[in-house]
Amino acid sequence: MSLLLSIESSCDDSSLALTEIESRKLIWHKKISQEIEHARYGGVVPELASRLHAVDLPRLLAGAQPYFGEIAAVAVTNEPGLAVTLNEGVMMAKAFATFQKLPLIPVHHLKGHIYSLFIEKPTRVPMLVILISGGHTMVLRVRGLREMEILASSMDDSVGESYDKVAKMMGLGYPGGPIVEALAEEGNPERFKLPVPLRNSPLIAFSLSGLKNAVRLTVEKLGGAEAMSEQDRRDLAAAFQKALITHLIQKIRKILARESIPDVALVGGASANLAIREAFDSLCADYGKRLHTAPLKFCSDNAAMIGRYGLDALAEGLTCSPEAITVSANRKLQPGMKL
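About the criteria used
The numbering scheme is per chain: residues are counted from 1 as the chain's sequence reads. This being a predicted model, a pLDDT of at least 70 is required before a residue's local features are given, and a value of 80 or more before pairs of side-chain atoms are given or counted; all residues contribute to the totals for chains, interfaces and linings. No hydrogens and no water enter the side-chain calculation; it runs on all heavy atoms of the structure. Helix numbers and strand numbers start at the N terminus; a helix is a DSSP run of H or I with at least 4 residues, a strand a run of E with at least 2. The quantity called the radius of gyration is restricted to C-alpha atoms. Its globule counterpart is 2.2 Å times the number of residues to the power 0.38. Note on classification: 1.4 Å probe, protein chains only; a residue is buried when its accessible area is under 20% of the maximum for its type, exposed when over 50%, partly exposed between these limits. Only heavy atoms matter for contacts: two residues are in contact if any of them lie within 4.5 Å across the pair. All accessibility values rest on the Shrake-Rupley procedure with a 1.4 Å probe; residue burial counts only the protein chains present in the view. Axis lines are fitted through C-alpha atoms, for helices just across the contact stretch, and the angle between N-to-C directions can take any value from 0 to 180 degrees. Working rule for angles: under 35 degrees goes down as roughly parallel, over 145 as roughly antiparallel, 65 to 115 as roughly perpendicular, anything else as oblique. Gly is placed with the polar residues, together with every amino acid not listed as nonpolar (Ala, Val, Leu, Ile, Met, Phe, Trp, Tyr, Cys and Pro) or charged (Asp, Glu, Lys and Arg). Here, nonpolar core means buried Ala, Val, Leu, Ile, Met, Phe, Trp, Tyr and Cys residues that are tied together by side-chain atoms lying within 4.5 Å of each other. Stacked, edge-to-face and tilted labels apply to pairs of Phe, Tyr and Trp rings (six-membered ring for Trp) whose centres lie within 6.5 Å, assigned for plane angles under 30 degrees, over 60, and everything in between, in that order.

*Asks:* I would appreciate a short explanation of the overall build of the chain in the present structure.
*Replies:* When helices and strands are tallied, the chain shows ten helices and ten strands. In terms of overall size, the chain behaves like a compact globule, its C-alpha atoms giving a radius of gyration of 20 Å where 339 residues would be expected to give roughly 20 Å. Over its C-alpha atoms, taken along the principal directions, the chain stretches across nearly 60 × 45 × 30 Å. The buried share among the 339 residues of the chain stands at 54%. Across the chain, the fraction of contacts at a sequence separation of at least 24, relative to all contacts at a separation of at least 6, is 74%. Just so you have it, the chain exposes about 14,200 Å², and 52% of that area is on carbon and sulfur atoms.

Shown next as structure tokens:
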């Protein structure tokens with residue numbers, strides 16, 4: 001049995017996985033979340049995240065020790081993300097690959113999210129991919145491993161980032177996505193009239209800063225987070241989520257109307273939101289398209305998706321020597337660009 005070791009440390013999750021190269025079977029997968037440590041600060045603290053990766057990644061690697069003799073290659077996230085956390089994973093990958101004399105596969109984190117669809121499955125392309133995560137909101141046309149084009153992207157805050165910031169405004173915990181989603185399920189979305197971003201603009205892009213500001217003003221009118229009642233929080237969460245989903249649907253509807261590709265995917269950490277999934281399932285049905293989603297446990301950052309991309313990259317010879325890999329924290333991604 002030949003295995004691919006994959007490593008993910010782009011933000012606040014330490015994760016390692018082992019995937020069987022021939023069968024694509026996920027043999028072993030472990031993840032350590034840092035949510036509790038960062039919750040007290042209301043968001044991710046890069047330096048703290050880096051220190052925690054330095055402790056947790058070696059612990060995870062020790063758990064994979066029984067498989068060391070069967071590892072034939074190493075895949076690691078090297079972009080984009082927090083530079084200090086990416087470095088922790090890349091340094092481990094370099095050291096392991098050098099000691100074991102193995103090829104190294106650099107993996108773009110967003111490509112990993114796309115490949116979360118194919119864990120233990122064959123690769124299915126072409127596909128239109130809607131990627132909504134803590135750092136990105138975009139639509140891509142994916143025709144293959146080397147053919148991924150950005151069709152639309154965010155002008156400011158991402159979907160996941162907006163949920164986190166709205167939760168913080170309302171005095172809620174971190175991460176904000178699951179908290180706001182749960183409150184929205186019990187709220188009245190019609191009580192607060194929040195603006196739908198770019199509603200009258202022909203621009204096919206995403207912008208959530210204005211909606212986020214409208215939430216902030218509403219919180220202030222209610223006397224601040226401490227003065228809000230539980231019903232206030234539920235109703236404001238519901239209004240925010242409704243406006244956000246309406247915005248996404250309005251813009252992506254225009255893309256689906258012009259694209260002939262029948263398969264559409266929803267990926268990224270925020271794709272675990274069931275209300276968003278339902279809205280896109282209905283949208284795809286309107287256009288006779290099939291919606292694909294990753295299992296909930298693979299929506300957030302994880303090494304299994306990095307390994308799954310690594311399998312296809314390995315098959316196409318997209319490897320490098322340990323000394324050749326570099327870290328690229330952030331690169332502005334715009335429509336028309338290729339991943």
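Read on for the rest.
*Asks:* Would you explain the packing of helix 5 (residues 159-169) against helix 7 (residues 209-221) in this entry?
*Replies:* Two quantities define a packed helix pair, namely the angle between the helix axes and the distance between the axes. For the pair helix 5 and helix 7, the least separation of the axes is 10 Å and the interaxial angle reads 10°. Judged by the angle between their axes, helix 5 and helix 7 are roughly parallel. Residues Lys-165, Val-166 and Met-169 of helix 5 form the contact with helix 7, whose own contacting residues are Lys-212, Val-215, Arg-216 and Val-219. Classifying every residue of the contact of helix 5 with helix 7 gives four nonpolar, no polar and three charged.

*Asks:* Before we go on, may I ask you to explain the nonpolar core in this structure?
*Replies:* Soluble globular proteins: nonpolar side chains tend toward being buried together. Ranked by internal contacts, the top residues of the largest apolar core, which has 45 residues, are Val-159, Leu-194, Phe-240, Leu-244, Ile-276 and Phe-280. Looking at this core, the elements that each hand over two or more residues are strand 6 (127-132), strand 8 (147-153), helix 5, helix 6 (176-185), helix 7, helix 8 (230-258), strand 9 (263-267) and helix 9 (274-286). When residues of this core are assigned to their parent elements, the largest contribution, 13 residues, is made by helix 8. Counting 34 residues, the second largest nonpolar core, distinct from the first, contains Leu-26, Tyr-115, Ile-119 and Val-267.

*Asks:* Would you explain the packing of aromatic side chains in this entry?
*Replies:* Each aromatic ring pair is summarised here by two numbers: the centre-to-centre distance and the angle between the ring planes. Inspection of every chain in the model, using the stated rule, returns four aromatic pairs. When the ring of Tyr-115 is compared with that of Tyr-309, the centres are 5.2 Å apart and the planes differ by 90°; the resulting orientation is edge-to-face. Of the two residues, Tyr-115 is situated in helix 4 (residues 109-115) and Tyr-309 in helix 10 (residues 303-315); the sequence distance between them amounts to 194 residues. Comparing Tyr-115 with Tyr-309, the two get one shared label, buried. Measuring from ring centre to ring centre gives 5.1 Å for Tyr-163 and Phe-240, while their planes differ by 80°; the resulting arrangement is edge-to-face. Of the two residues, Tyr-163 is situated in helix 5 and Phe-240 in helix 8; the sequence distance between them amounts to 77 residues. Like Phe-240, Tyr-163 is buried.

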